[in-house]
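So the chains spell out like this:
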Amino acid sequence: MAVIFPKWTNRVPMVLAAGMPVVTVALIFLIWYTWSPRYTDVGYQPEQPVPFSHALHAGNLGMDCRYCHNTVEQGPHAAIPPTSTCMNCHAQVQTESPRLETVRQSAETGEPIPWVRVHLLPDYAYFDHSVHLAAGVGCSSCHGRVDRMVEVRQAEPLSMRWCLDCHRDPEPNLRPHDQITNMDWDVANNDYNPSEDPHRTRDVNPPQHCSGCHR
Ligand code: HEC
Ligand code: HEC
Ligand code: HEC
Ligand code: HEC
Ligand code: HEC
């Protein structure tokens, strides 16, 4: 029988098999560092069906974020308020305004207002608001000065690198729990020391291992 392949080639599949996991891990890290941009989607600002302004409601009128996003401390998602929340005021305020026509129609028909989603993680990444708020991370650390936005836009990249930057060193991003919705709280410029806060019962320990966020 003619020898087509030299004998050493018999080991090739084994070497490949042994090398594969290493190559795979190396590839993942390569992808992570090169394709995980710091600034994906920053500035994304879709047009909304109603000219609802956070600058007016949360800024000028000083409404707390949780009046409308009332599930944000209880679970993964921050609820977008139903039309009835708007009508608590707009049944009396600006009842003739054409800018509120869609809101009045929605209240009459029961059809929800088709708000357009601004922030959206891919399905394979797990995120929970309540854990972050309980730890004392404020809305503005992740969403910017929403109280100055006439239309909401994405202020931070929400990329893996961005999540990990904070998870590696969370302390400077923490504040007292009663300040989480305070848009004027400056995380870079305050004397708050989490380890001296009597309301804290433990140190925070955000996950850095893959399965922490990819479950
Ligand atoms: C009067 C009710 C109301 C208040 C108060 C309010 N919001 Fe909103 N928020 C809304 C509505 C309605 C939307 C959906 C329309 C839009 O994106 O503008 C929204 C959207 C958002 C979004 C974008 C959601 C997405 O689709 O990704 C963020 C982030 C947000 N709000 C943060 C805040 C923060 C932070 C505060 C407090 C400073 C706040 N909101 C106060 C009603 C409110
Ligand atoms: C640690 C960062 C972080 C903090 C703090 C934070 N958010 Fe978010 N927020 C996100 C991310 C990430 C998403 C996208 C979540 C997704 O796609 O599953 C999001 C989405 C939202 C949405 C859209 C609906 C949803 O839950 O997906 C609203 C509304 C919102 N945030 C409001 C708030 C408000 C109000 C606060 C403060 C009380 C707050 N967020 C604090 C990171 C944060
Ligand atoms: C706590 C009371 C309150 C709630 C709740 C509230 N608003 Fe308002 N809204 C106001 C006030 C006050 C004004 C300013 C009226 C003025 O300028 O005279 C206003 C103004 C507006 C305007 C501008 C109207 C115009 O013609 O200039 C829009 C649009 C609007 N709101 C939408 C909403 C939507 C959508 C919701 C629910 C997500 C909502 N509002 C919830 C009090 C409220
Ligand atoms: C500004 C700081 C900060 C940012 C940004 C941030 N986190 Fe966190 N994360 C924390 C802190 C603080 C904790 C709480 C750890 C504790 O309580 O021990 C936490 C906890 C978690 C946990 C563990 C708790 C749980 O729900 O199981 C997950 C998962 C998580 N973060 C995912 C994310 C993801 C995904 C992103 C990016 C989209 C992100 N985080 C962005 C600070 C941050
Ligand atoms: C703190 C949360 C967190 C941890 C820990 C984490 N990831 Fe991610 N990862 C994310 C988020 C959020 C995205 C989505 C990023 C986006 O949409 O831009 C992501 C995206 C990815 C992607 C898709 C490509 C990319 O970079 O956007 C890969 C691959 C990935 N992660 C692998 C890993 C591996 C491997 C580990 C462990 C070494 C890991 N992740 C740990 C949050 C995390």
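Residues numbered from 1 in each chain as written. Chains lettered and ligands numbered in written order. Predicted model: local features only at pLDDT ≥ 70, side-chain atom pairs only at ≥ 80, totals over all residues. Heavy atoms only, no water.

Asker: What's the story with the overall build of the protein in this structure? I'm lost.
Answerer: Scanning the protein from terminus to terminus reveals nine helices and zero strands. Going residue by residue from the N terminus, the α and β elements of the protein occur as α-α-α-α-α-α-α-α-α. For the protein, the proportion of its 215 residues judged to be buried stands at 29%. Contacts in the protein between residues at least 24 apart in sequence constitute 71% of all its contacts with a sequence separation of at least 6. Surface exposure of the protein reaches about 15200 Å², of which carbon and sulfur atoms provide 60%. (Helix = DSSP H or I, 4+ residues; strand = E, 2+ residues; numbered from the N terminus. Buried < 20%, exposed > 50% of the residue type's maximum accessible area, 1.4 Å probe, protein only. Contact = heavy atoms within 4.5 Å. Areas by Shrake-Rupley, 256 points an atom, 1.4 Å probe, with all protein chains shown as cover.)

Asker: Looking at this structure, how should I read the coordination of the iron atom of ligand 2?
Answerer: Where a metal carries four tetrahedral donors, each ideal angle is 109.5 degrees; where it carries six octahedral donors, the ideal angles are 90 or 180 degrees. Of the protein atoms, only H129 (NE2) and H143 (NE2) coordinate the iron atom of ligand 2, at distances of 2.0 to 2.1 Å. Around the iron atom of ligand 2 sit six donor atoms, and with donor-metal-donor angles ranging over 87 to 179° the site reads as octahedral. On the criterion of sequence distance, the pair formed by H129 in helix α6 (residues 129-135) and H143 in helix α7 (residues 139-143) is long-range, its members being 14 residues apart. Its relative accessible area of 21% is what places H143 among the partly exposed residues. (Donors = N, O, S within 2.8 Å, 3.2 Å for Na, K, Ca; no water. Tetrahedral: all angles 85-135°; square planar, octahedral: opposite > 155°, others 65-115°.)

Asker: Mind showing me how you'd approach unusual backbone geometry here?
Answerer: As a rule of thumb, non-glycine residues mostly have phi less than zero, and peptide bonds are mostly trans rather than cis. Positive phi, close to 55°, is recorded for Q94, a residue that is not glycine. Positionally, Q94 belongs in the loop between α4 (83-90) and α5 (101-109). A positive phi angle, near 55°, is found at L158, a position not held by glycine. Of the residues examined, L158 reaches a relative accessible area of 18% and is grouped as buried.

Asker: Is there a simple way to explain the site of ligand 2 in this structure?
Answerer: Every one of the 21 residues lining ligand 2 counts as a neighbour, but R117, H129, C139, C142 and H143 are closest to it. Contact distances for ligand 2 include 2.7 Å between an oxygen atom and a backbone N or O atom of L121. Elements supplying a minimum of two residues to the shell around ligand 2: α6 and α7. Classifying every residue of the shell around ligand 2 by side-chain character gives twelve nonpolar, eight polar and one charged. (Near = heavy atom within 4 Å. Polar contact = N/O pair within 3.5 Å; in protein donor to acceptor, adjacent residues only side chain to side chain. Nonpolar A, V, L, I, M, F, W, Y, C, P; charged D, E, K, R; others polar.)

Asker: Explain the site of ligand 1 here, please?
Answerer: Around ligand 1 lies a shell of 20 residues, among which H54, C65, C68, H69 and H119 are the nearest. Within the side chain of H54, a nitrogen or oxygen atom sits 2.8 Å from a nitrogen atom of ligand 1. H69 places a polar side-chain atom, nitrogen or oxygen, 2.8 Å from a nitrogen atom of ligand 1. Elements that contribute at least two residues to the shell around ligand 1 include exactly α2 (54-60), α3 (65-68) and α7. Across the shell around ligand 1, the residue classes break down as 13 nonpolar, five polar and two charged.

Asker: Hey, could you run me through the packing of aromatic side chains in this one?
Answerer: Where two aromatic rings form a pair, the distance of their centres and the angle of their planes describe that pair. Throughout the structure, instances matching the rule amount to two aromatic pairs. Ring centres of F52 and W115 lie 6.4 Å apart, and the angle between their planes is 70°; on these two criteria the pair is classed as edge-to-face. Of this pair, F52 sits in the loop between α1 (12-35) and α2 while W115 sits in the loop between α5 and α6, placing them 63 residues apart in sequence. (Phe/Tyr/Trp six-rings, centres within 6.5 Å; stacked < 30°, edge-to-face > 60°.)

Asker: How should α4 be read in this particular structure?
Answerer: A turn of α-helix holds 3.6 residues, and therefore any two residues three or four places apart point the same way. Within α4, burial applies to T83, T85, C86 and H90. All buried residues of α4 project into a common sector of 160° when viewed along the axis, lining one side. Elements in contact with the buried residues of α4: α2, α3 and α5. (Arc of directions from axis to C-beta.)

Asker: It is not clear to me how the coordination of the iron atom of ligand 1 should be interpreted in this structure. Could you clarify?
Answerer: Every protein donor of the iron atom of ligand 1 is accounted for by H54 (NE2) and H69 (NE2), and the metal-donor separations fall at 2.0 Å. For the iron atom of ligand 1, the six donor atoms in the first shell make angles of 88 to 180° at the metal, a pattern classed as octahedral. Of this pair, H54 sits in helix α2 while H69 sits in the loop between α3 and α4; the two residues are 15 residues apart in sequence, bridging distant segments of the chain. On the basis of relative accessibility, which here comes to 16%, the residue H54 falls in the buried class. Looking at H69, the relative accessible area reads 23%, which means it is partly exposed.

Asker: Would you mind going over the pattern of salt bridges with me for this structure?
Answerer: One side chain can pair with another of opposite charge once the charged atoms of both are near each other. This model, assessed by the stated rule, comprises six salt bridges. E73 is paired through a salt bridge with R66; the nearest N and O atoms lie 3.1 Å apart. Classification of E73 as partly exposed rests on a relative accessible area of 30%. Of the residues examined, R66 reaches a relative accessible area of 27% and is grouped as partly exposed. Salt bridges linked by common partners bring D64, R66 and E73 together as one network. (Salt bridge = Lys/Arg side-chain N within 4 Å of Asp/Glu carboxyl O.)

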